[in-house]
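Okay, here's what each chain looks like letter by letter:
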Amino acid sequence: MKTETIVLLKGDGIGPEIVTEAQKVLQLVSDARKEANDMEFEFKDELIGGIAIDQTGSPLPEQTLNSCLNASAVLLGAVGGPQWPRPATPENPHPPRPEQGLLDIRKKMNLFCNIRPCIFPCESLKSKSPLKEEIVKDTEFIVVRELTGGAYFGKREEENAEGVAYDTIIYSVPEVQRITRIAAQLALAHNPPYPIISIDKANVLASSRLWRRVVTETIQKEFPTVKLQHQLVDSAAMIMVKNPSALNGVLLTENMFGDILSDESSVIPGSLGLLPSASLNGWGKESNGLYEPIHGSAPEIAGQNIANPIGTILSAAMLLRYSFGLEREAKAIEKAVAKVLDDEEHGGLNVRTKELGGNATTTEIGDAIRKALADELNQLNIEDF
Ligand code: NAD
Ligand code: IPM
Ligand code: MN
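None of the values given here were measured: they were computed from a predicted structure.

Participant: Describe the overall build of the protein chain, with residues and values.
Facilitator: Scanning the protein chain from N- to C-terminus turns up twelve helices and twelve strands. Since a compact globule built from 385 residues should have a radius of gyration of about 21 Å, the 21 Å found for the protein chain is in line with a globular shape. Referenced to the eigenvectors of the C-alpha coordinate spread, the extents of the protein chain come out at roughly 65 × 55 × 45 Å. Here the protein chain holds 385 residues, and 48% of them are scored as buried. Once local pairs closer than 6 in sequence are excluded, the contacts in the protein chain between residues at least 24 apart make up 74%.

This is the structure we're talking about:
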């Protein structure tokens, strides 16, 4: 029986509260796999972000990086908060920022592909969306965000004596080819295949013109059956709230556009706290990916046991799917989440956190999901025999 190591990077703000709930979900899956004599998980906590700066001086300590590189998968909460960066001093005019730790780990693990699905986690949230039910009900798209290029990693200069600062957006042909290939594999993995909608700003940016050319050529040459459309980012942002199902499929886009559009997409199911993500360095092989909710450290609600842990728990499901090939267990978690969130009319338990109009705490949501998951896993074990 194999022991697989999962590194937990709880980070700052609500990070520790939400990762703890997701860890307990993974522990349940581990217990079930252990019973089947297959594998078990061991968890290892490491520091990242603001807490890492305060304890070690660096937002990504060497030990954290090494543990992550050697792990089977990494689960992250969030980094950042108003207390960082710590005040500048004459000796340290640019004190370290928590967010740099996240950017560095993505780069050093070569996690160039970030998958952010926007799919309703249950039926009954469709009528509770801030947008009208008839507008959102058929929404089903997956943002594929390039994660190690663009403005986040281009040449940059902090404000100089003349009061000027800059960042640059750089993309190369191989960088666009490799993310396009993953988007195409993801499109083909769906039945019927999803179309790809590539989102750029090719009417203004040179990097977007390269992006559009390379996406078009890669799909034409390597995936001729995949349908491809292009959409400018400004109008895509408008369509996402006016008629989101017009974007159904794989939304392939560069780093910063993907960051912004994925937060926007969370309005459709009704909370930023619901959406998960997977950051991968390839497709098809079991990669040691990093999994995290798409939201941040929500400092104003940290420590109150009211944060929604579902984005993190669904990220744990993605971890099982992409890093361990445990598709049935991943689906079991997704079903358990649906059961907890749905109302009685849909056979659910109607248990939700505050920002979704409920009154359940973070730990109550976690407990309810684990109870429903235990039933799902029992079903799986019965089917095994
Ligand atoms: P945020 O995502 O932390 O919060 C935005 C809003 O959504 C807030 O109202 C917050 O309360 C709410 N929210 C977020 N997650 C929630 C959850 N799980 N349950 C309930 N409500 C939730 O964005 P922000 O306020 O702009 O940023 C706060 C800090 O987080 C900043 O330091 C930022 O750099 C950092 N950040 C980190 C990550 C990450 O670690 N991946 C992502 C985004 C932002
Ligand atoms: C995210 C976050 C990060 C990003 C920040 C905190 C570096 O907003 O994961 O979406 O911009 O990628
Ligand atoms: Mn973001």
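Participant: Outline the sheet that holds strand S10 (residues 249-253), supporting the account with residue identities and numerical values.
Facilitator: Reading across the sheet, the ten strands line up as S2-S1-S3-S12-S11-S4-S5-S10-S8-S9 and stay open at both edges, with mixed pairing between neighbours. This sheet does not close on itself; its edge strands, each paired only once, are strand S2 (39-45) and strand S9 (228-232). Bridging between strand S1 (residues 2-11) and strand S3 (residues 73-78) involves five bridges; their strand directions are parallel. Among the inter-strand pairings, Gly11 is bridged to a residue of S3, identified as Ala78. Contacting strand S8 (196-200) and S9, helix H8 (residues 233-242) crosses the sheet at an angle of about 100° to S9.

Participant: With reference to specific residues and values, describe the site of ligand 2.
Facilitator: Around ligand 2 sit Gly80, Glu99, Leu102, Leu103, Asp259, Ile294 and Gly296, and those are all the residues in its vicinity. At three residues, the largest contribution of residues to the shell around ligand 2 is made by helix H4 (residues 98-108).

Participant: Before we move on, could you go through the environment of His295 and cite the residues and values that matter?
Facilitator: Its location among the elements puts His295 in the loop between strand S12 (290-291) and helix H10 (310-324). A count of 24 C-beta atoms within 10 Å places His295 in the buried class. As a C-alpha pair, His295 and Ser58 span 237 residues in sequence and 22 Å in three-dimensional space.

Participant: Before we move on, can you summarise the environment of Gly270 with the specific residues and values?
Facilitator: Considering the arrangement of structural elements, one finds Gly270 in the loop between helix H9 (255-265) and strand S11 (278-280). Spatially, the C-alpha atom of Gly270 lies 37 Å from that of Asn70, the residues being 200 residues apart in sequence. In contact with Gly270, not counting residues within four places along its chain, are Leu125, Lys128, Ser129, Pro130 and Leu356.

Participant: Explain the pairing of S10 to me, and be specific about the residues and the numbers.
Facilitator: Most of S10 sits inside the fold, with five of its five residues counted as buried. Taken together, the five bridges between strand S5 (residues 140-146) and S10 define a ladder with parallel strand orientation. Looking at S10, one finds that Val144 is bridged to Leu252. Relative to S10, S8 runs parallel, the two sharing four bridges. Residue pairing in the sheet places Ile197 in a bridge with Leu251 of S10.

Participant: Would you mind going over the confidence of the model for the protein chain in detail, with residue names and values included?
Facilitator: Looking at the protein chain as a whole, its pLDDT mean stands at 96, while 98% of the residues score no less than 70. The ipTM value of the predicted complex is 0.99, and its pTM value is 0.98.

Participant: Mind laying out the nonpolar core, listing which residues take part and the relevant values?
Facilitator: As a rule of thumb, soluble globular proteins bury nonpolar side chains together. Leu75, Val144, Leu251 and Ala316 are the most contacted members of the largest nonpolar core, which totals 107 residues. Ranked by residue count, the leading element in this core is H10, at nine residues. When residues of this core are assigned to domains, at least three fall in each of domain 1 (1-115 + 279-385) and domain 2 (130-268). If near-sequence neighbours (up to four positions away) are discounted, Val144 is found in contact with Cys113, Ile115, Ile179, Ile182, Ala183, Leu186, Val250, Leu251 and Leu252.

Participant: Which residues make up the site of ligand 1, and what are the values?
Facilitator: Around ligand 1 there are 22 residues in total, and Gly80, Gly273, His295, Gly296 and Asn308 lie nearest to it. Per-class residue counts for the shell around ligand 1 are ten nonpolar, eight polar and four charged.

Participant: An account of the domain arrangement of the protein chain is requested, with residue identities and associated values reported.
Facilitator: Domain boundaries assigned for the protein chain yield domain 1 (1-115 + 279-385) and domain 2 (130-268). If you look at the interface, domain 1 gives 14 residues, while domain 2 gives 18 residues. Of all the secondary structure elements, the ones that give two or more residues to the side of domain 1 that touches domain 2 are H4 and strand S4 (113-119). Counted by class, the side of domain 1 that touches domain 2 contains seven nonpolar, five polar and two charged residues.

Participant: Could you give an account of the pairing of S5, with specific residues and numbers?
Facilitator: Where burial is concerned, most of S5 is hidden: six out of the seven residues are buried. Here S4 pairs with S5 via seven bridges, running antiparallel. If you follow Cys113 over to S5, its bridge partner there is Glu146.

Definitions and limits used
- Residues numbered from 1 in each chain as written.
- Chains lettered and ligands numbered in written order.
- Predicted model: local features only at pLDDT ≥ 70, side-chain atom pairs only at ≥ 80, totals over all residues.
- Helix = DSSP H or I, 4+ residues; strand = E, 2+ residues; numbered from the N terminus.
- Rg over C-alpha atoms; globule rule 2.2 N^0.38 Å.
- Buried ≥ 20, exposed ≤ 12 C-beta atoms within 10 Å, placed from the backbone.
- Contact = placed C-beta atoms within 7 Å.
- Pairing = 2+ DSSP bridges.
- Axes fitted to C-alpha atoms, helices over the stretch in contact; angles between N-to-C directions.
- Near = placed C-beta within 6 Å.
- pLDDT = per-residue confidence, 0-100.
- Core = buried A, V, L, I, M, F, W, Y, C linked by C-beta atoms within 7 Å.
- Domains from an automatic or database assignment.
- Nonpolar A, V, L, I, M, F, W, Y, C, P; charged D, E, K, R; others polar.

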